[in-house]
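Commentary on secondary and tertiary structure
In case you want the letters, here they are:
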Amino acid sequence: MTIEIPKEKWTGSVCEVTFGATADEGGTRSRTLTVGGETAMPFLHFEGVTPNPPALALEIRDRKPDDWSPLLHQAWGEAMEDPGEWAKAAETAGADMIYLALSLTTADGEPNTPENARAVVRKVLQASGLPLAVAGPGQAEVDNQLLVPVAEEAEGERLLLGICEDKNYRTIVAAALAHNHLVQSKTPMDVNLSKQLVILIHDMGLPLERIIMDPTTGALGYGFEYGYSVMERLRLAAFQGDSMTQQPMLVNPGFETWKVKESKVGEGVPENWGDWDRRAQEWEAITATTLIHSGADILVLRHPESLHRVRTVVDALVNPAATA
Amino acid sequence: MALSGLEIYKLLPQTNCKDCNYPTCLAFAMKLAAKQAALKDCPHVSEEAKIKLEAASAPPIALVTIQGGEGEVQVGNETVLFRHEKTFFHRPGLFWRLRDNDDIDELKRKAAEADAYTVDYVGIDLHLDGFAVEAASSDPAAFSAAVSAISSVSKKPLILLAPTADLAKAGLEATNGARPLLYAADQDNWETMADVAKQAGTPLAVRADTLEALADLTQKLKQAGVEELVLDPEVSGYLDSLERLTTLRRLALKKTFRPLGYPIITFPGTNGEIDETLLAAEHIAKYGGLIVLEEFNPASLYALLVLRQNIYTNPQKPIQVQPGVYEINSPDKDSPLMVTTNFSITYFSVANEIEGSGRPGWLLVTDSEGMSVLTAWAAGKFDAERVAKDAKAFNVEEKVSHHKVIIPGHVAVISGELEEEMPGWEIMVGPREAVDITSYLKAMWPN
């Protein structure tokens, strides 16, 4: 008996998006990063191609964060004291991209300033040759205040600027347009909202090759399944030819999983939750691994060990020879 | 593949006699196709048609039941490739592998510890499903003793990893009438294993390293009279698992390929180079039916059990809690009043944190149709109007005397409107995340 693998025939594909610019391209990055281009559901090499493996980014901050888990402080140690050192450490840990999130305030509690944001971005660009994403602290007014000067400061570097949301995307998109950067379009776990924001951003004149969709994920146990299914649905829509759902997808399991109790708290939790360090790392690594299966193209992580473990999974999935 | 209404109609008597209580045979056929009527309601259908229709209505992936001394695990009978298309029905069973060459007391200790393992996740009790006992000694007496020892401390379902009929029989005799899964029939031993499974009335796993060989074997076993089968396609890595398990699911659902229409068993920890937890996570998301773990580690098991729960939640029915005012730690009229949505995960996160803070509080759970705070807000199900309406409906005025209400930090934007909707009330903006509730209450609600 011979058995034929039932294959899907898709008409659409995921758009390819490239971050960073080398000296030849007008930037200072030592390499660029391309994601997207898939023509089949994740890693089904028998019916389509995955020209670019999912990329793994590590999140760093412009200063040592006050609210991160002690486990992350242990993992990064001294490097957290300085964004340049932290970026170097993230590169050494094997990241494909640095995801720099700016804080609302400086270490002494004063509001963050455009000057500080410029200086930090300059420092990170000098410390690491990896492509860079820069996100604001998540308050519309402050985001705009900080990201516009950052976009100018890093002219030519093809940054990923975040985070565009439906309430606040115009200023960030305008800055990306003016200084040749890309944007992260984030919507709360909904296929139509995701599509709609891509359309709005695209209507402002930003080419689709410069938009990344962030459909939002929940942490394992905290609504994870909603984001997971929204991503599968977006990806299926992309293959069916819906052109406004064909952007590569970025998700941030690091941010989501490290804020939940399972990762944050070591004491006063049920004994059967097991060893804290291991549990916290499983939470991030399992969330990320499962998101890879629902179509994630970029995963932003926080713990270097999770990155290492998820990298092993990615390597095995993209390269048939490695698991033969 | 399921037949369409018209295909079913062709097999019916087409007399429109109405004995089935539908006006026409076509109407009845449509109801049959939609699984809203049963064929037995037609007294005139021919034997030949009955056989055809019943064969077509058998599930594309068979349902397999493994029973322990108490409780059972059911796997299979899945109908979709992606959970959003309908839902995934039968959560994969998670089993821990124990070996008969281990010391008997040690086996008992391990089994008892794992048997007692349970974690509460949003009010749901999560636990390991059972044990896979391996006849590693190849000695029927030792295997029997090991199965007895484990059965003496745990009533959970078992999988007997016994490569020969003699070992399988020895294991079965020690299970005290439970209905374990026998593992496994292969090219060499299938005839004798089929005899044992048939005699004991147990399901049987089938092992082969190609899908062709697997299909050959299942057909032989079916002819030999064993109906409940489980497939082991002998996968060992992330990619071959994904390809083979996806192919099996597609063959069953899209081609109604009966020889491979069975649930799948995997052993994600047997390839020592692979991260067992992450491969098990893949098997949970992508089509595993029974998952046998090498390691029992509470931290990893908890994460996998939660993943399984998430993936197998019905996407059409978010788990909700009843809207209303909940009392936490015996609150009085001076205790804080907090608001959240009725999505179960949101409710449990918030309620657990308030409880854990040791402070009394009132929690107003609004009817947000089972959505989390941000999602409900975006969908207009958790706005000022809704909060004010439910505050009134559930009489918060009578519960507290202070006229202060704490809203989730994620919806700080509704505070202005809420002030208008709830005149005389002070709107306080709480933390964005439940985990910060204790420190918030300490700072903002002294005493």
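Residues numbered from 1 in each chain as written. Chains lettered and ligands numbered in written order. Predicted model: local features only at pLDDT ≥ 70, side-chain atom pairs only at ≥ 80, totals over all residues. Heavy atoms only, no water.

With that out of the way, let us pick up the sheet that holds strand S4 (residues 97–101) of chain A. Residue and element names in this part refer to chain A. Taken together, 8 strands build an open sheet; the order of strands is S8-S7-S6-S5-S4-S3-S10-S9 and the sheet is parallel. With partners counted over all chains shown, the strands left at the sheet margins are strand S8 (211–214) and strand S9 (250–251), one partner each. Of the strand pairs in this sheet, strand S6 (residues 160–164) and strand S7 (residues 182–186) are connected by 3 bridges, and their pairing is parallel. Counted as the bridge partner of Cys164 is Ser185 from S7. Against the sheet, helix H10 (residues 276–293) contacts S9 and strand S10 (298–301), and its axis sits at roughly 175 degrees relative to S10. (Pairing = 2+ DSSP bridges. Helix = DSSP H or I, 4+ residues; strand = E, 2+ residues; numbered from the N terminus. Contact = heavy atoms within 4.5 Å. Axes fitted to C-alpha atoms, helices over the stretch in contact; angles between N-to-C directions.)

All names here are of chain B. Spatially, the 8 strands line up as an open sheet ordered S10-S9-S8-S7-S6-S3-S12-S11, and their pairing is parallel. Either end of the sheet is taken by a strand with one partner, and the two such strands are strand S10 (229–232) and strand S11 (265–266). Examined bridge by bridge, S11 and strand S12 (residues 290–293) share 2 bridges and lie parallel to one another. Pairing of Ile265 across the sheet is with Leu290, part of S12. Contacting strand S3 (93–99) and S12, helix H11 (residues 298–311) runs over the sheet at an angle of about 150 degrees to S3.

Our next topic: a negative patch on the surface. All names here are of chain B. A cluster of like negative charges, contributed by Glu385, Glu417, Glu419, Glu420, Glu421 and Glu426, occupies part of the molecular surface. Take the negative patch: its biggest share by element is 4 residues, from helix H16 (residues 415–421). Position of Glu419 relative to the elements: it lies in helix H16. (Patch = residues over 30% accessible without salt bridge, like charges linked within 9 Å, V, L, I, M, F, W, Y side chains within 5 Å. Areas by Shrake-Rupley, 256 points an atom, 1.4 Å probe, with all protein chains shown as cover. Salt bridge = Lys/Arg side-chain N within 4 Å of Asp/Glu carboxyl O. Lys, Arg positive; Asp, Glu negative; His and termini not counted. Charge placed at Lys NZ, Arg CZ, Asp CG, Glu CD.)

Let us now look at the interface of chain A and chain B. In this complex, chain A contributes 54 residues to the contact, which on the side of chain B involves 56 residues. Together chain A and chain B conceal approximately 4800 Å² of surface at their shared face, both sides included; 65% is due to carbon and sulfur atoms. Taken together, chain A and chain B are joined by 8 salt bridges. Between Glu353(B) and Lys261(A) there is a salt bridge whose closest N-O contact spans 3.2 Å. (Buried area = accessible area lost by both parts, 1.4 Å probe.)

Comment: phi is negative for the bulk of residues other than glycine, and the bulk of peptide bonds are trans. In this structure, Ile163(A) follows Gly162(A) across a cis peptide bond, with omega equal to 10 degrees. Here Ile163(A) is to be found in strand S6. Following Tyr183(B), the chain continues into Ala184(B) via a peptide bond in cis, with omega recorded as 0 degrees. Here Ala184(B) lies in strand S8 (residues 181–185).

Another aspect to go through is the confidence of the model for chain B. Here chain B shows a mean pLDDT of 93. Residues at 70 or above account for 99%. Our summary of model confidence lists the complex with pTM equal to 0.88 and ipTM equal to 0.97. (pLDDT = per-residue confidence, 0-100.)

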